[in-house]
Structures are given as structure tokens and as C-alpha cells.
Amino acid sequence: MSTLNTIAPAPKIARLSPRSRAFGIILGFAGAGVANVALGYSAFSFWTRQTKFVPYSPSPAENADLTLPVFQQHNPLGNTAICIDHAVRTVPLAKLKTTELGGTEGLTTQFCRGVWSGAGYAYQRRYLEKKYRGLEGRDKDVWDREDLGKSAYEVGTRITDHFEVVEHGEDRVVVRCGDSPHNAGLRPSDGLFSMEVTKDEDKGIATFHLKSVFVNTTEEGRNSVPLNWRFQFAHRLYTKLWMETAVRNVMKTARQAEEKEGERVAQKSV
Ligand SMILES: *[C@@H]1O[C@H](CO)[C@@H](O)[C@H](O)[C@H]1NC(C)=O
């Protein structure tokens, strides 16, 4: 496969149905994404071992996130999610590039940039680019890796014709997925993906969170059962991949850590 991001001419293919866009894409890319970073499954498991899934209830009575306006707005009937999970990854504050980032807000934005410009999203990014970049009205979307790595991710930012920022707070950026942002109305299958950062100064750690909530919002989807385990499994692999590639965007590189250590030693010896 060519590594050049050549822009395909206006695609002849009809738009994928919302369902295949929302779910097929994730399934396909979970596998492809893993292959793309050229790691076998056991190496992958090792590499992502620090990302853990924590309980995340599909019931609004037990999960305050689901009562937030942004979640309610995209699930007007309050249907039960068909895929919902919450991944966490902690990083010691000392390992973060904090001085360059500027507080929690900066850290949150940088984490978000890491998701979309990172290697974990590269395969899907290229795929979406080939298929959709040539379509009318997509030129205002953010497409290039470099731009994804520096966008402010303000509300309304459209990412590769598939994700749209619907909320940007100090410690949270929420994007909507499930279909092209150009289909702004109610979607039969809708998804929200939240990238969050919390800090515990006493323990000296920052925790990075990725939360996914996919809902069949239709009347018939009221009592949906969760998607099958293969989908859930693939989705979790993909989430882990995104987490690792995003976290690397906020951490000091080994070289920076060495330089810092060097400075410390130098200061001590004067
Ligand atoms: C929603 O759920 C219903 C009932 O299970 C199903 O027939 C329909 O295809 C689903 N719609 C989407 C968009 O997933």
C-alpha cells in the first residue's frame, strides 16, 4: 500500500449506510490498526498493559455522565447503550511535558491531539481521507496529521468527516461519531467518545480517560442488547491502541527525561 496520502477523485461509491460507517469501520480498523503498528497480539497486550477498563454502567442512575446534556441530547429516548466502555491510563505527573502544556486545559487538548494525530488513528484517517475528502464541503474538516496535531479542537471542529467536537471543557473533549458530521440530525445509530483528564496532585498522577457510548437511538432500539462480544473485544483493542498513542503525545520523551536528569545533576554539582 502506498504511504502517500493521495486524495482520491470524487468517490463513485455511494455513502456507506450509517450503521456500517459507525460500526463496520471500527471493527475493520481495530484489526488493521493493530497490524499497522506491526505488533503481534501478545506484544500488543504487553505494550498496552497499562490501559485498563473500569466499570462504566449503561444505567443513568449509576452513571452520571449519561445524565449530562450532551449525552441526553444524542439519545433522546434514553435507550440503553449497545456498546459502552471506559478505559483509563495513569501517568506520573513527573513524566508529563507539563511545562509546555499549561494546566489541565492544555493537557486535555494535547491528549486529544494525540488521539487524532497519533499512529493509532493513522489507518482509519487514511481510509476516510481517500473516501470522503474529495466530497463537497469537506475542505473545512481537519484532515492532515500535522493539523490534527495542533488543532484547538473547539466545538464544531470536524475531524476527517467522521467525528465532530460537541463539547470542550477544561478536562474533557467530547466528539460525536456514527456518521458524517454533515448529517447533523438525529442518527439511528449515534455515538459519543469522550477524552478526559483528571489529576491527583497528592498521589502525583494524572489519569487519562477514554469513554465510548454507542446507542441505537430508534424506537425499536429501546431495549437493544449489547453488540456481540467480537465487536466489544475489537472495540476495546482499538481503544487501547488510541490510548497508548495519545498518552505518548503528553509524555516526555526518553531524551527529554535524560536532559532533565542531566540538568538536575549539573545543578547539584555547582
Ligand atoms: C436498532 O435496533 C433495532 C431492533 O433491534 C434494529 O432492527 C435496527 O436495525 C437497529 N438500528 C440501527 C441503526 O442499529
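Residues numbered from 1 in each chain as written. Predicted model: local features only at pLDDT ≥ 70, side-chain atom pairs only at ≥ 80, totals over all residues. Heavy atoms only, no water.

**What about unusual backbone geometry?**
- Phi is positive for Tyr 153, close to 55 degrees, though the residue is something other than glycine.
- Considering the arrangement of structural elements, one finds Tyr 153 in the loop between helix H7 (145-148) and strand E3 (158-159).
- A relative accessible area of 0% means that Tyr 153 is categorised as buried.
- For Thr 160, which is not glycine, the phi dihedral falls at a positive 45 degrees.
- The residue Thr 160 is located in the loop between E3 and strand E4 (163-168) in this model.
- A residue is classified by how much of its surface remains accessible, and Thr 160, at 0% relative accessible area, is buried. (Helix = DSSP H or I, 4+ residues; strand = E, 2+ residues; numbered from the N terminus. Buried < 20%, exposed > 50% of the residue type's maximum accessible area, 1.4 Å probe, protein only.)

**Notes on the packing of aromatic side chains**
- Here the structure, examined in full by the defined rule, presents eleven aromatic pairs.
- Taking 4.8 Å as the distance between ring centres and 50 degrees as the angle between the ring planes, the aromatic pair formed by Phe 111 and Phe 208 counts as tilted. Linking Phe 111 in helix H5 (residues 103-117) with Phe 208 in strand E7 (residues 205-216), this pair joins segments that are 97 residues apart in sequence. Grouping residues by exposure puts Phe 111 and Phe 208 together as buried.
- Measuring from ring centre to ring centre gives 6.2 Å for Phe 163 and Trp 242, while their planes differ by 65 degrees; the resulting arrangement is edge-to-face. Placement of Phe 163 in strand E4 and of Trp 242 in helix H8 (residues 229-247) is noted, with a sequence separation of 79 residues between them. Trp 242 shares its class with Phe 163; the two are buried.
- Following the ring pairs from residue to residue traces out a cluster consisting of Trp 116, Tyr 121, Phe 163, Phe 193, Tyr 238 and Trp 242.
- The ring of Phe 46 is capped by Arg 49, whose NZ or CZ atom sits 4.0 Å from the centre of that ring. (Phe/Tyr/Trp six-rings, centres within 6.5 Å; stacked < 30°, edge-to-face > 60°. Lys NZ or Arg CZ within 6 Å of the ring centre and 35° of its normal.)

**A few points about the packing of H5 against H8**
- It is at 7 Å that the axes of H5 and H8 come closest, and there the two elements cross at 125 degrees. Viewed along their axes, H5 and H8 adopt a mutual orientation that is oblique. Handedness of the crossing formed by H5 with H8: right-handed. Listed contacts from H8 to Phe 111, Gly 114, Val 115 and Trp 116 of H5 are Trp 242, Met 243, Thr 245, Ala 246 and Val 247. (Axes fitted to C-alpha atoms, helices over the stretch in contact; angles between N-to-C directions. Parallel < 35°, antiparallel > 145°, perpendicular 65-115°, else oblique. Left-handed = near helix turned anticlockwise from the far one by under 90°. Contact = heavy atoms within 4.5 Å.)

**Some details on the pairing of E4**
- Examined bridge by bridge, E3 and E4 share two bridges and lie antiparallel to one another. Counted as the bridge partner of Arg 158 is Glu 164 from E4.
- Counted between consecutive antiparallel strands, the loop separating E3 from E4 contains three residues, among which Thr 160 sits at a positive phi close to 45 degrees.
- For E4 and strand E5 (residues 172-177), the ladder comprises four bridges, and the chain directions are antiparallel. Of the residues in E5, the one forming a bridge with Glu 167 is Val 174. (Pairing = 2+ DSSP bridges.)

**Here's the deal with the sheet that holds E7**
- The strand order E1-E2-E7-E6-E5-E4-E3 describes an open sheet built from seven strands, whose pairing is antiparallel. Strands at the two margins of the open sheet, each flanked by one partner only, are strand E1 (52-54) and E3.
- Judged from the twelve bridges that link them, strand E6 (residues 189-200) and E7 form a sheet pairing that is antiparallel. Pairing of Phe 193 across the sheet is with Ser 212, part of E7.
- On the sheet, H5 packs against E3, E4, E5, E6 and E7 and is oriented at approximately 135 degrees with respect to E6.

**What to know about the state of the cysteines**
- In this structure the tally under the stated criterion is zero disulfides.
- For Cys 83, which is in no disulfide, the shortest distance to another cysteine sulfur is to Cys 177 and amounts to 9.8 Å. (Disulfide = S-S within 2.5 Å.)

**Regarding the confidence of the model for the protein chain**
- With 83% of its residues at a pLDDT of 70 or more, the protein chain has an overall mean of 85.
- Predicted confidence for residues 1-16 stays below pLDDT 50, and this span has 20 contacts to residues more than four positions away or in other chains. (pLDDT = per-residue confidence, 0-100.)

**With respect to the pairing of strand E2 (residues 83-92)**
- Across the ten residues that make up E2, a large majority, eight, are buried.
- Sheet topology note: the E1/E2 ladder contains three bridges and is antiparallel. Residue pairing across strands places Val 54 opposite His 86, the latter belonging to E2.
- Examined bridge by bridge, E2 and E7 share ten bridges and lie antiparallel to one another. Bridging across to E7, Val 88 finds its partner in His 209.

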